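# Chains, contacts and geometry: an overview
Below are the chains, spelled out letter by letter.
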Amino acid sequence: MPSVTRLYTVGDVRAMPDDRNRYVTIAGELFVTPAPSLRHQTILKRLVRALDPYVEAHRLGDVWFAPVDVVYGPMTLVEPDLLFVSATRRDILTEQEVTAAPDLVVEVLSPSTARTDRGRKRALYQETGVREYWIVDPERNRVEVWRPGAMEAEVRYDAVTWQPDRSLEALVVDLEQIFRL
């Protein structure tokens, strides 16, 4: 792995040009990815449509999709594809950003992001207390569900069960509907 020659701050990332690329920094290391594909965006749209009505109906909190900044201090800013913050944790929200680990983070893999999403971002999300991290793999039509402390993901091909509040019936996300062409 090449050494980082310059460390980037959250301010540096926010000053990047509006050139359709996505810029994030993890511990000062800059990551640049091109705008997502239409397939990526279609999958993301379907996930939002699956999760948001459940969250709204039960007043569980808020679901957002990129671009939304999640800032872990002056040297780390990430922009998950989708995130959920529970109503009990609204104190981590500001007008501009999320200031701590969301309850759920979802990244839809692209060829240019797969390595980072499975590596640096997964480690970051597990270290910072994200309760669930979904890696959505459009090539394999599957979702990897990571939880804190897990050494391996729960890999799902048919459905993902999500239960942000144990007192409620879980939401079952039908992956055939998410991945359909």
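Summary of the structure given here. (Residues numbered from 1 in each chain as written. Predicted model: local features only at pLDDT ≥ 70, side-chain atom pairs only at ≥ 80, totals over all residues. Heavy atoms only, no water.)

## Examining the sheet that holds strand β11 (residues 154-156)
Here is the rule we go by: Strand pairing is assigned whenever DSSP identifies at least 2 bridges connecting the two strands. Segments assigned H or I by DSSP are reported as helices when at least four residues long, segments assigned E as strands when at least two residues long, and all are numbered from the N terminus. Lines are fitted to the C-alpha atoms to define the axes, a helix being fitted only along its stretch in contact, and any angle between axes, read from their N-to-C directions, falls within 0 to 180 degrees. Throughout, a residue-residue contact means that at least one pair of heavy atoms, one from each residue, lies within 4.5 Å.
Read across the open sheet, the 6 strands follow the order β3-β6-β8-β9-β10-β11; overall the sheet is mixed. Where the open sheet ends on each side, the last strands, each with one partner, are β3 (61-65) and β11. Neighbour-to-neighbour, the strand axes of this sheet turn through a mean angle of 15°, independent of strand direction. Here 3 bridges tie strand β10 (residues 142-146) to β11, and the two strands are oriented antiparallel to one another. Looking at β11, one finds that Val-143 is bridged to Arg-156. Against the sheet, helix α2 (residues 38-57) engages β3, β6 (82-86), β8 (104-108) and β9 (132-137), with an angle of about 170° to β3.

## A word on the pattern of salt bridges
Definition in use: Salt bridges are defined by distance alone: a side-chain nitrogen of Lys or Arg within 4 Å of a carboxyl oxygen of Asp or Glu. Partly exposed residues are those whose accessible area sits between 20% and 50% of the maximum for their type, while under 20% is buried and over 50% is exposed, using a 1.4 Å probe and protein chains only.
Scanning the entire structure with this criterion turns up 18 salt bridges. Across the pair Arg-118 and Glu-144 runs a salt bridge, and its minimum N-O distance is 2.6 Å. Placement of Arg-118 in helix α3 (residues 114-118) and of Glu-144 in strand β10 is noted, with a sequence separation of 26 residues between them. Residue Glu-144 is classed as buried on the basis of its relative accessible area, which comes to 6%. Each of Glu-132, Arg-147, Glu-154, Arg-156 and Asp-158 takes part in one network of salt bridges that share partners.

## Focus: the pairing of β10
For a regular strand, side-chain orientation follows a simple rule: the groups alternate between the two sheet faces. Of all 5 residues making up β10, 5 are buried, and the element is well covered by its neighbours. Burial of the side chains of β10 extends over both faces: Arg-142, Glu-144 and Trp-146 are buried on one face and Val-143 and Val-145 on the other. By the bridge criterion, 5 bridges tie β9 to β10 in an arrangement that is antiparallel. By the bridge assignment, Tyr-133 is partnered in β10 with Trp-146. As consecutive antiparallel partners, β9 and β10 are separated by 4 residues, and within that stretch Asn-141 has a phi angle of approximately 50°, a positive value.

## Some thoughts on unusual backbone geometry
Here the residue pair Ala-66 and Pro-67 is connected by a cis peptide bond, since its omega of 5° sits within 30 degrees of zero. Mapped onto the fold, Pro-67 is located in the loop between β3 and β4 (69-71). Positioned with a positive phi, Arg-20 is a non-glycine residue whose angle comes to about 75°. You can see Arg-20 is positioned in the loop between α1 (10-14) and β1 (22-26). By relative accessible area, which is 64% here, Arg-20 ends up exposed. The residue Ala-27 is not glycine, and still its phi comes out positive at about 55°. Residue position: Ala-27 is located in the loop between β1 and β2 (29-33). Judged by its relative accessible area of 49%, Ala-27 falls in the partly exposed class.

## Here's the deal with the packing of aromatic side chains
Let me state the cut-off plainly: Note on aromatic pairs: the rings of Phe, Tyr and Trp (six-membered ring only in Trp) are paired at centre separations within 6.5 Å, and the planes decide the class, stacked below 30 degrees, edge-to-face beyond 60, tilted for the rest.
Under the defined criterion, the tally for this structure stands at 3 aromatic pairs. Each ring, one from Tyr-54 and one from Trp-162, has its centre 6.0 Å from the other, and the planes form 55°; the classification is tilted. Note that Tyr-54 is positioned in helix α2 and Trp-162 in strand β12 (residues 159-162), a separation of 108 residues in sequence. Accessibility assignment for this pair places Tyr-54 and Trp-162 in one class, buried.

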